[in-house]
Amino acid sequence: MLRGIDVSAYQPSSYDTDGLSFVFIKATEGRSYTNPRLSAQTERARDAGLVVGFYHFLWPGNLTAQAEYFVSKAPEKRGDILAVDWETTGEGTHASNAEKDRFIKKVKELRPHHRVILYANRHFWLDVDTTSYAGDGLWIADYVTAGKPRIQAKWRFHQYTDDPLDRNVADFSSKTALKGWAEGT
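Computed from a predicted structure; not experimentally measured. (Residues numbered from 1 in each chain as written. Predicted model: local features only at pLDDT ≥ 70, side-chain atom pairs only at ≥ 80, totals over all residues. Heavy atoms only, no water.)

### Details of the overall build of the chain
So, step 1. A count of helices and strands for the chain gives 5 helices and 9 strands.
So, step 2. For 185 residues, the compact-globule estimate of 2.2 N^0.38 gives 16 Å, and the chain sits close to it at 15 Å.
So, step 3. Out of the 185 residues in the chain, the part that is buried amounts to 51%.
So, step 4. Here the analysis covers contacts within the chain between residues at least 6 apart in sequence; of these, 60% occur between residues at least 24 apart.
So, step 5. By element, 45% of the accessible surface of the chain is carried by carbon and sulfur atoms, the whole surface being about 8500 Å². (Helix = DSSP H or I, 4+ residues; strand = E, 2+ residues; numbered from the N terminus. Rg over C-alpha atoms; globule rule 2.2 N^0.38 Å. Buried < 20%, exposed > 50% of the residue type's maximum accessible area, 1.4 Å probe, protein only. Contact = heavy atoms within 4.5 Å. Areas by Shrake-Rupley, 256 points an atom, 1.4 Å probe, with all protein chains shown as cover.)

### Examining the nonpolar core
So, step 1. Ile 25, Phe 54 and Leu 118 are the most contacted members of the largest nonpolar core, which totals 39 residues.
So, step 2. Ranked by residues supplied to this core, first place goes to helix α2 (residues 63-73) with 4 residues.
So, step 3. Membership of the second largest hydrophobic core comes to 17 residues, among which are Leu 2, Ile 117, Phe 172 and Trp 181. (Core = buried A, V, L, I, M, F, W, Y, C linked by side-chain atoms within 4.5 Å.)

### Details of the pattern of salt bridges
So, step 1. Using the criterion set out here, one finds 10 salt bridges in the structure.
So, step 2. Two residues, Lys 26 and Glu 29, come together in a salt bridge whose shortest N-O distance is 2.5 Å.
So, step 3. What makes Lys 26 buried here is its relative accessible area of 11%.
So, step 4. Through salt bridges with shared partners, one network takes in Lys 100, Asp 101 and Asp 129. (Salt bridge = Lys/Arg side-chain N within 4 Å of Asp/Glu carboxyl O.)

### What about the packing of aromatic side chains?
So, step 1. The tally for this structure, following the rule as stated, stands at 11 aromatic pairs.
So, step 2. The side chain of Lys 100 reaches across the aromatic face of Trp 86, ending 5.1 Å from its centre.
So, step 3. The positively charged end of Lys 105 is found above the aromatic ring belonging to Tyr 133, 4.9 Å away from the centroid. (Phe/Tyr/Trp six-rings, centres within 6.5 Å; stacked < 30°, edge-to-face > 60°. Lys NZ or Arg CZ within 6 Å of the ring centre and 35° of its normal.)

### Notes on helix α3 (residues 97-110)
So, step 1. With 14 residues, α3 extends 20 Å between its outermost C-alpha atoms, agreeing within 8% with the 20 Å of an ideal straight helix rising 1.5 Å per residue.
So, step 2. Buried within α3 are the following residues: Asn 97, Glu 99, Lys 100, Asp 101, Phe 103, Ile 104, Lys 106 and Val 107.
So, step 3. On its buried face, α3 sits against β4 (51-57), α2, β5 (81-85), β6 (115-121) and α4 (122-128). (Expected span 1.5 Å × (residues − 1).)

### Concerning the side chain of Asn 35
So, step 1. By secondary structure assignment, the location of Asn 35 is in the loop between β3 (33-34) and α1 (38-47).
So, step 2. Within the structure, the side chain of Asn 35 is placed 2.9 Å from the backbone oxygen of Lys 26, a separation counted as a polar contact. (Polar contact = N/O pair within 3.5 Å; in protein donor to acceptor, adjacent residues only side chain to side chain.)

### A few points about the layout of surface pockets
So, step 1. In this structure, the largest pocket occupies an estimated 330 Å³ of space.
So, step 2. For the largest pocket, the lining is made up of 17 residues, of which Asp 6, Ser 8, Tyr 55, Asp 85 and Asp 166 are closest to its centre.
So, step 3. Residue assignment for the lining of the largest pocket shows that the elements contributing at least two residues are β1 (2-7) and β4.
So, step 4. Among the residues making up the lining of the largest pocket, the classes are represented as 9 nonpolar, 3 polar and 5 charged. (1 Å grid on protein atoms, 1.4 Å probe; cavity = no way out; pocket = protein on both sides within 12 Å on 5 of 7 lines; lining within 4 Å. Points joined across faces, edges and corners; volume = space filled by probe spheres on them. Nonpolar A, V, L, I, M, F, W, Y, C, P; charged D, E, K, R; others polar.)

### A short note on the side chain of Asp 85
So, step 1. Mapping Asp 85 onto the fold places it in strand β5.
So, step 2. One buried charged residue, Asp 85, remains without a salt bridge, the closest side chain of opposite sign being Lys 26 at 6.3 Å. (Lys, Arg positive; Asp, Glu negative; His and termini not counted.)

### Remarks on unusual backbone geometry
So, step 1. Between Asp 163 and the following residue, Pro 164, the backbone shows a cis peptide bond with an omega angle of 5 degrees.
So, step 2. A positive phi angle, close to 55 degrees, is found at Asn 62, a residue other than glycine.
So, step 3. With a phi close to 55 degrees, Ser 132 is a non-glycine residue in the positive phi region.
So, step 4. By secondary structure assignment, the location of Ser 132 is in the loop between α4 and β7 (138-141).
So, step 5. You can call Ser 132 exposed: its relative accessible area is 52%.

This is the structure:
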């Protein structure tokens, strides 16, 4: 199992990269928020030679505008992974299944040479999702033993704790295999 983390504006730009193969960085949310540390956190990951992913926190409505906003702000480099973070918003709402699916497809249309994946917690995957559509792969959050999420579906990434920060594992045999998958080879 490969180890990685995900970061947002809540984490410093100088996060520890020791022992990591990948990092997911929050890029955007809705149609107006951009992570103020996006550039510095991206530079840190690239300097460490990590596979880099960017995620967008999805709000209901305005799917095309959100997808366009996300790809306009997320750096574009071959092998970068794009993810949609589908969960309950600060207002207690969430994008519908159809909206989640449309967003993934729109991002894939806008960035056809990038892997586009779904991030969801176990509750959303098992109890809210009705389409099982995760684009190019599922990134599941379930706070149990690393690499043992309590779902039947095939997953690519598993967020297994948020203490003291979001830690993840990837289901790839090596960093080279992850990089090859991310680059579509």
